[in-house]
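# Remarks on the overall topology
Now for the letters of each chain:
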Amino acid sequence: MSILAAVDGTTEADPVVETAFDLASAYDTELHVLHCVTQSEFEERKSTVERVGSIDGYSKSQRADAAANVANEVVVNTFDDPDFNCISTLGRVGDPVSEITAVADEVAAQYLVIGGRERSPAGKAVFGSTTQAVLFEADCPVVTVIDDTE
């Protein structure tokens, strides 16, 4: 069993990772932090790399590694001294909902932690389309973190 936190492309401190770390600590289990890029983001980056650089190709595995590096930066920016003995970072290329739920299955996630968009003026949580789809598709409990500081 483990905890999976899915993070977006920002590399600043993330309350999703903080919440997931608290769960992982409470259950004494590993924390996986995932960043996923869409196929179109991959294609755009591939085109740029091939146009600008002298690289013959830019593979999905290279982009997945770059996405894992983004997840790593989020962890480093969230904690003063992250313990990478109990935290791993992952990157995927593809449909975010499919990739998030597939990774949750692969790592046998006890909980999946994702971010919500905001609160409406009435105080109700507003979910983005990815968050809402993950809530419906995931086979494990989903914890949604709404960051009210934005």
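Quick look at the structure, then. The structure displayed is predicted, hence computed values, not measured ones. (Residues numbered from 1 in each chain as written. Predicted model: local features only at pLDDT ≥ 70, side-chain atom pairs only at ≥ 80, totals over all residues. Heavy atoms only, no water.)

### Some words on the packing of helix 4 (residues 96–106) against helix 5 (residues 129–137)
Stated precisely, the cut-off is as follows: What counts as an axis is a line fitted to C-alpha atoms, over the stretch in contact for a helix, and the angles between N-to-C directions run from 0 to 180 degrees. Counting from the N terminus, the helices are DSSP H or I runs at least four residues long and the strands are E runs at least two residues long. With respect to orientation, any angle under 35 degrees is reported as roughly parallel, any angle over 145 as roughly antiparallel, any angle of 65 to 115 as roughly perpendicular, and every other angle as oblique. By definition, turning the near helix anticlockwise from the far helix through less than a right angle yields a left-handed crossing, and turning it clockwise yields a right-handed one. We call two residues in contact when some of their heavy atoms are within 4.5 Å. Under this grouping Gly is polar, as are all residues other than the nonpolar Ala, Val, Leu, Ile, Met, Phe, Trp, Tyr, Cys and Pro and the charged Asp, Glu, Lys and Arg.
One way to put it is that helix 4 packs onto helix 5 with a least axis distance of 9 Å and a crossing angle of 40°. It follows that helix 4 is oblique to helix 5 by the angle criterion. As helix 4 runs across helix 5, the sense of the crossing is right-handed. Here helix 4 contributes Pro96, Val97, Ile100 and Thr101 to the contact with helix 5, which in turn contributes Thr130, Ala133, Val134 and Glu137. Residues that form the contact of helix 4 with helix 5 fall into these classes: five nonpolar, two polar and one charged.

### Brief notes about the pairing of strand 2 (residues 30–37)
Defined as follows: A simple rule labels every residue: compare its accessible area, found with a 1.4 Å probe on the protein chains alone, to the largest value its type can have, and call it buried under 20%, exposed over 50%, or partly exposed in between. A pair of strands is treated as paired once DSSP finds two or more bridges between them.
In terms of burial, strand 2 is a largely internal element, seven of the eight residues being buried. Of the pairings in the sheet, the one linking strand 1 (residues 2–7) to strand 2 comprises six bridges and is parallel in character. Its bridge partner being in strand 2, Ile3 is matched across the sheet by Leu31. As paired elements, strand 2 and strand 3 (residues 87–93) share seven bridges and run parallel to each other.

### Observations concerning the environment of Thr19
One can find Thr19 in helix 1 (residues 15–26). Between the alpha carbons of Thr19 and Val143 there is a distance of 8.7 Å; along the sequence they are 124 residues apart. Each residue touching Thr19, except ones within four places of it in the same chain, is listed here: Val113, Val143 and Val145.

### Here's the deal with the packing of aromatic side chains
Put simply, the rule reads: For Phe, Tyr and Trp, rings pair up if their centres lie within 6.5 Å, where Trp contributes its six-membered ring, and each pair is then called stacked (planes under 30 degrees apart), edge-to-face (over 60) or tilted (otherwise).
All chains considered together, the criterion is met by two aromatic pairs. The interplanar angle of 50° and the centroid separation of 4.9 Å between the aromatic rings of Phe21 and Phe79 together place this pair among those described as tilted. With a gap of 58 residues between them, Phe21 in helix 1 and Phe79 in the loop between helix 3 (60–78) and strand 3 connect regions that are remote in the sequence. For Phe79, a relative accessible area of 17% corresponds to the buried category. Aromatic side chains Tyr27 and Tyr111 sit 5.6 Å apart centroid to centroid with 40° between the ring planes, which places their arrangement in the tilted category. Within this pair, whereas Tyr27 is found in the loop between helix 1 and strand 2, its partner Tyr111 is found in strand 4 (residues 109–116), the two being separated by 84 residues in sequence. By relative accessible area, which is 38% here, Tyr27 ends up partly exposed.

### Quick notes on helix 3
We count it as follows: One fewer than the residue count of a helix, multiplied by 1.5 Å, yields its expected span. As used here, the arc belongs to the directions running from the helix axis to the C-beta atoms.
The terminal C-alpha atoms of helix 3 lie 27 Å apart, and with 19 residues this matches the ideal 27 Å at 1.5 Å per residue to within 8%. Within helix 3 the residues assigned to the buried category are Arg63, Ala64, Ala67, Ala68, Val70, Ala71, Val74, Val75 and Thr78. Each buried residue of helix 3 lies within a common arc of 150° when the element is viewed along its axis, so the set occupies one face.

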